[in-house]
Amino acid sequence: MPDSLADRLGAVERDAKPSLTRQLADVFAAAIASGELEPGVKLPTTRELARLASVNQLTAGRCYRLLQDQGLIVSAVGRGTFVRAAAASALDEADASWQTYALSPPRGGYAGRMLGESVQHATSGQLIAMSVGYPSSEQIPLVALEQAVRETLEAKPLASFEYCPIEGTDELRGELAALGRTRGMSDVTDGIVITTGARHGLTLSARAILRPGDVAACESPTYMGMIDALRATGATVLPVDVDEHGFNVDALERLLRSHEVRVVALQPRGHNPTGTDLSRERRERLLALARRHGFFVLEDAVYADLRYDGEDPGPLRAMDPAHVVYVDSLSKTVAPGLRAGWVAASGPVLDRIITEKRDDDAHCATLPQLVAARFLADGRYPSQLAGARQLYRARRDALLEALDTELPGLGTFVRPRAGGHVWVTLERACDDEQLYRAALAAGVSYIPGPAVLVEPPRATQLRLSFTSVTPERLREGVQRLAATIRAQPHAPLQRHTLPVA
Ligand SMILES: Cc1ncc(COP(=O)(O)O)c(C=O)c1O
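Residues numbered from 1 in each chain as written. Predicted model: local features only at pLDDT ≥ 70, side-chain atom pairs only at ≥ 80, totals over all residues. Heavy atoms only, no water.

Visitor: I tried to follow the pattern of salt bridges on my own but got confused; where do I start?
Guide: Where charged atoms from two side chains of opposite charge approach closely, those side chains can pair. Going through the model one piece at a time under the given rule, you end up with 31 salt bridges. For Asp397, the salt bridge identified is with Arg396, shortest N-O distance 2.9 Å. For Arg396, a relative accessible area of 5% puts it in the buried group. With a closest N to O distance of 3.9 Å, Glu472 and Arg475 form a salt bridge. With Glu472 and Arg475 both in helix 17 (residues 471-487) and three residues apart, this pair spans about one turn of that helix. Since its relative accessible area comes to 51%, Glu472 is described here as exposed. Residue class for Arg475 comes out partly exposed when judged on its relative accessible area of 35%. Shared partners join several salt bridges into a network, and the residues in it are Asp250, Glu253, Glu281 and Arg285. (Salt bridge = Lys/Arg side-chain N within 4 Å of Asp/Glu carboxyl O. Buried < 20%, exposed > 50% of the residue type's maximum accessible area, 1.4 Å probe, protein only. Helix = DSSP H or I, 4+ residues; strand = E, 2+ residues; numbered from the N terminus.)

Visitor: Looking at this structure, I do not really get empty space enclosed by the protein. What am I missing?
Guide: In this approach the atoms are scanned with a rolling probe the size of a water molecule, which exposes any empty space left behind. According to the stated counting rule, one finds three cavities of 30 Å³ or more in the structure shown. Space inside the largest cavity adds up to approximately 100 Å³. Of the pockets and cavities examined, the second largest cavity occupies roughly 50 Å³. Lining the second largest cavity we find Leu403, Leu407, Val424, Leu462, Leu464, Val478, Leu481, Ala482 and Ile485. Elements with a minimum of two residues in the lining of the second largest cavity: strand 16 (461-465) and helix 17. Here the lining of the second largest cavity takes four residues from helix 17, the largest share from any one element. (1 Å grid on protein atoms, 1.4 Å probe; cavity = no way out; pocket = protein on both sides within 12 Å on 5 of 7 lines; lining within 4 Å. Points joined across faces, edges and corners; volume = space filled by probe spheres on them.)

Visitor: Explain the environment of His271 here, please?
Guide: Positionally, His271 belongs in the loop between strand 8 (261-266) and helix 12 (280-293). On the basis of relative accessibility, which here comes to 2%, the residue His271 falls in the buried class. Sequence separation between His271 and Phe247 is 24 residues; the distance between their C-alpha atoms is 9.2 Å. Other than its neighbours up to four places away in sequence, His271 contacts Glu219, Pro221, Thr222, Val242 and Thr276. In this structure the side chain of His271 is engaged in a polar contact, spanning 3.4 Å, whose partner is the side chain of Glu219. (Contact = heavy atoms within 4.5 Å. Polar contact = N/O pair within 3.5 Å; in protein donor to acceptor, adjacent residues only side chain to side chain.)

Right under this line is the structure:
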């Protein structure tokens with residue numbers, strides 16, 4: 001703040017009319033009008049203003065409220081008070097710059113930014129996009145879906161465009177309950193809630209279970225949306241590491257000694273990003289702990305059906321439906337644009353999830369639900385899945401082969417049994433942001449480890465996704481990436497870029 005302005009604030013007259021509040025406000029208003037205080041400038045805190053003007057803090061606060069009422073300044077909780085970008089008298093309806101000061105700091109931090117960038121990269125067409133787990137476009141069953149749309153509109157023209165129950169249409173819920181029964185779950189139509197993709201299923205489940213200040217344990221690394229869904233409730237999210245047998249139940253057990261955990265969130269089959277399955281022994285111990293300590297297990301299964309090796313161990317929900325809330329979608333296996341996600345749950349938590357759904361958006365769009373139900377009812381899912389597994393297995397193998405060739409001496413990786421990703425750990429730590437920018441410059445994108453970790457990184461790690469990239473491009477991408485890694489200087493791990501736990 002200019003010295004002369006500080007002097008004028010200090011020169012307000014104590015016993016004069018108008019009031020001290022008004023005199024201070026007039027000094028600021030004149031400085032704003034003359035341009036001495038430019039739009040966006042941060043003003044002193046009320047404590048500083050009180051000291052400068054030798055008034056009490058209440059008077060300083062009243063001065064700022066008066067200026068705010070006049071549209072001259074804006075306050076943002078936790079950030080401070082600023083001169084409005086466009087003072088009220090000159091406010092242009094199309095100028096949205098004032099919002100920068102009016103909004104509280106953005107959520108999501110580094111992980112949110114990476115997610116946003118990775119989506120842009122995937123659709124830009126300029127890069128070898130190993131950053132997203134999108135299904136390959138040739139794998140989307142266009143002909144079958146077109147037919148399902150036509151048949152739905154013929155059979156249910158009016159219902160397709162009407163409201164449906166909050167939980168979703170009976171048709172789709174019935175089909176998904178039947179699909180669940182083929183996986184060993186005992187769900188019926190009433191235990192299923194349709195959501196806008198699995199992402200929304202995670203949000204609704206997290207909100208149904210958690211309140212601000214609660215503790216959630218979450219596998220780490222994991223899907224970025226899982227971390228965001230848990231954190232958005234205001235809960236504290238604590239990490240549990242993942243090794244080649246999946247979620248580390250020993251680590252959870254240690255955590256339970258000092259924390260009252262309300263929910264444990266994980267992908268026990270086809271884990272994103274390691275592609276591991278939770279071993280039988282760990283599954284049993286996890287559920288025994290859930291029963292002993294009384295916590296929920298939030299099971300995300302979106303990649304479980306994309307299995308390339310080994311036997312499917314089946315959903316955790318099949319083993320303990322009272323403790324496990326199950327989230328899934330047709331996004332990875334059929335078509336993400338259908339946004340056909342669902343939650344399977346039992347007991348009071350199911351009612352809470354339905355209430356959260358009602359409060360959000362009343363219900364998912366009816367037509368896509370009916371189309372998805374018809375696709376499933378026509379018995380198309382098994383052959384769709386077989387095609388997806390064949391295509392993605394070839395891509396996974398191409399990526400692993402390229403990594404086997406290029407990575408020795410640079411890093412190690414986990415061979416995924418299922419899913420759409422490979423998790424790579426570099427031998428030498430380097431600056432995450434610098435490596436990522438260099439890879440982009442070399443025409444390759446991936447997800448940097450810190451974006452999918454709950455805790456600060458212990459190594460430089462990369463998530464490489466293979467479902468939407470052809471084998472040739474995967475090979476090319478790995479070669480470019482390896483050259484980029486080789487050229488990177490060693491650097492200590494950057495902790496400041498991390499999302500705050
Ligand atoms: C592990 C995991 N869970 C959930 C989702 C969200 O899926 P949907 O597209 O159905 O919202 C994703 C998407 O990438 C994911 O990787």
